[in-house]
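Residues per chain, in single letters:
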Amino acid sequence: MITFRCTAKLLKRLHQPAKLPKPPVPSNPLGEWYADIDFFERKPFVALLNASTGAGLVLPGHAELLKHLHIHAGQQLFKLLLHYDFNPEWPQCTAELAAWGAPPTFANSSDRSLLGSLNRFKLEAWHCFADGNRSLPEIAASWWEGIFGHPSLPKSHLGSGHYHRPLDLVLDKLAPPGTVLIEEGRGWIHPLIAANDDT
């Protein structure tokens, strides 16, 4: 089960009540996702930010897609994991991906630090949209390879405070212990991976 902690603006678009009950503890390995909707040149897009790792997803935000947001988001997550050479058969990967097959639980956003990170993620998406040359998974991937900080995270061994790369945190959550990504920082998404994500 996935929990989406949504802004008031997104809850309205999803036709959800403004005030929602406290959600149950999510069962997926990555835990809760924060979500908001924004617009670029009058076209809506949804930004999802994982609360425990800072990994992000960027999806179209039109009404038809919002009806099945969890399905489209799970598909993009799957493509990004493949891009970074995660094995979908790793137990934690399998559990995370399976959780996206069921409708999410919606909840109110509550963590100001995560909302701040979500706003920075949306701003990054805006800049990428303005460039005009990047697919939605590429925009998400650029965030995975950036820096994410939250007071709940341990201090980085690199001496950079509580800041970590989302990709490294996802690896810690989903990969077997001791797994190392052999090829990182490619900076591009294969056309087959990016296909059908800009509709």
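Parameters and conventions
- Residues numbered from 1 in each chain as written.
- Predicted model: local features only at pLDDT ≥ 70, side-chain atom pairs only at ≥ 80, totals over all residues.
- Heavy atoms only, no water.
- Helix = DSSP H or I, 4+ residues; strand = E, 2+ residues; numbered from the N terminus.
- Buried < 20%, exposed > 50% of the residue type's maximum accessible area, 1.4 Å probe, protein only.
- Polar contact = N/O pair within 3.5 Å; in protein donor to acceptor, adjacent residues only side chain to side chain.
- Contact = heavy atoms within 4.5 Å.
- Pairing = 2+ DSSP bridges.
- Phe/Tyr/Trp six-rings, centres within 6.5 Å; stacked < 30°, edge-to-face > 60°.
- Axes fitted to C-alpha atoms, helices over the stretch in contact; angles between N-to-C directions.
- Core = buried A, V, L, I, M, F, W, Y, C linked by side-chain atoms within 4.5 Å.
- Parallel < 35°, antiparallel > 145°, perpendicular 65-115°, else oblique.
- Left-handed = near helix turned anticlockwise from the far one by under 90°.

Draft legend 1. Broad picture of the side chain of Asn108. Within the secondary structure layout, Asn108 lies in strand β5 (residues 105-108). Using a relative accessible area of 16% as the deciding quantity, one classes Asn108 as buried. Polar contacts involving the side chain of Asn108 include one to the main-chain carbonyl oxygen of Ala18, which spans 2.8 Å. Ignoring any residue separated from it by four or fewer positions in sequence, one finds Asn108 in contact with Arg5, Cys6, Leu11, Ala18, Lys19 and Leu20.

Draft legend 2. Just helix α7 (residues 166-174), in detail. Pro166, Leu167, Leu169, Val170, Leu171 and Leu174 are the residues of α7 that are buried. Buried residues along α7 sit in contact with α3 (69-83), α4 (91-99), α6 (136-144), β6 (148-149) and β7 (163-164).

Draft legend 3. Geometry of the pairing of strand β2 (residues 33-40). Of all eight residues in β2, seven are buried; the element is thus mostly enclosed. In this sheet, strand β3 (residues 43-50) lies alongside β2 in antiparallel orientation, the contact comprising eight bridges. Among the inter-strand pairings, Tyr34 is bridged to a residue of β3, identified as Leu49. Hairpin connection from β2 to β3: two residues lie between these consecutive antiparallel strands, with Glu41 at a positive phi of about 50 degrees.

Draft legend 4. Representation of the packing of aromatic side chains in the model. Following the criterion strictly, the structure yields nine aromatic pairs and no others. Arranged with centres 5.8 Å apart and planes meeting at 50 degrees, the rings of Phe4 and Trp100 form a pair that is tilted. Here the residue Phe4 occupies a position in strand β1 (residues 3-6), and Trp100 occupies one in the loop between α4 and β5, the gap between them amounting to 96 residues. Judged by centre distance (5.0 Å) and plane angle (65 degrees), the ring pair of Phe45 and Phe129 falls under edge-to-face. With Phe45 in strand β3 and Phe129 in helix α5 (residues 112-131), the pair connects residues that are 84 residues apart, well separated along the chain. One aromatic cluster is present, built from ring pairs that chain together Phe4, Trp33, Trp100 and Phe106.

Draft legend 5. Spotlight on unusual backbone geometry. Positioned with a positive phi, His15 is a non-glycine residue whose angle comes to about 60 degrees. Mapped onto the elements, His15 comes out in the loop between α1 (8-13) and β2. The phi torsion at Arg42 lies on the positive side, around 70 degrees, for a residue other than glycine. Arg42 sits in the exposed class, given a relative accessible area of 81%.

Draft legend 6. Up close: the sheet that holds strand β4 (residues 56-60). The strand order across the open sheet built from five strands is β4-β3-β2-β1-β5, with neighbouring strands paired in mixed fashion. Edge positions in the sheet fall to β4 and β5, since each of these pairs with one other strand and no more. Along the sheet, successive strands turn relative to each other by an average axial angle of 30 degrees, direction set aside. Judged from the three bridges that link them, β1 and β2 form a sheet pairing that is parallel. Paired with Cys6 across the bridge in β2 is Ala35. Sitting on the sheet, α6 is in contact with β3 and β4, with an inclination near 160 degrees to β4.

Draft legend 7. How the structure looks around the nonpolar core. The biggest cluster of nonpolar side chains holds 59 residues, and the ones touching the most others in it are Phe4, Leu48, Leu81, Phe86 and Trp144. Residues within four places of Leu81 in sequence aside, it is in contact with Phe86, Cys93, Leu97, Trp144, Val170 and Leu174.

Draft legend 8. Examining the packing of α5 against α6 more closely. Two elements in contact, α5 and α6, have axes separated by 10 Å at closest approach and are oriented at 130 degrees. With respect to α6, the axis of α5 lies oblique. Seen from above, α5 lies across α6 with right-handed handedness. Side by side, α5 and α6 meet where Ser117, Arg120, Phe121, Glu124, Ala125, Cys128 and Phe129 of the first sit next to Leu136, Ile139, Ser142 and Trp143 of the second.

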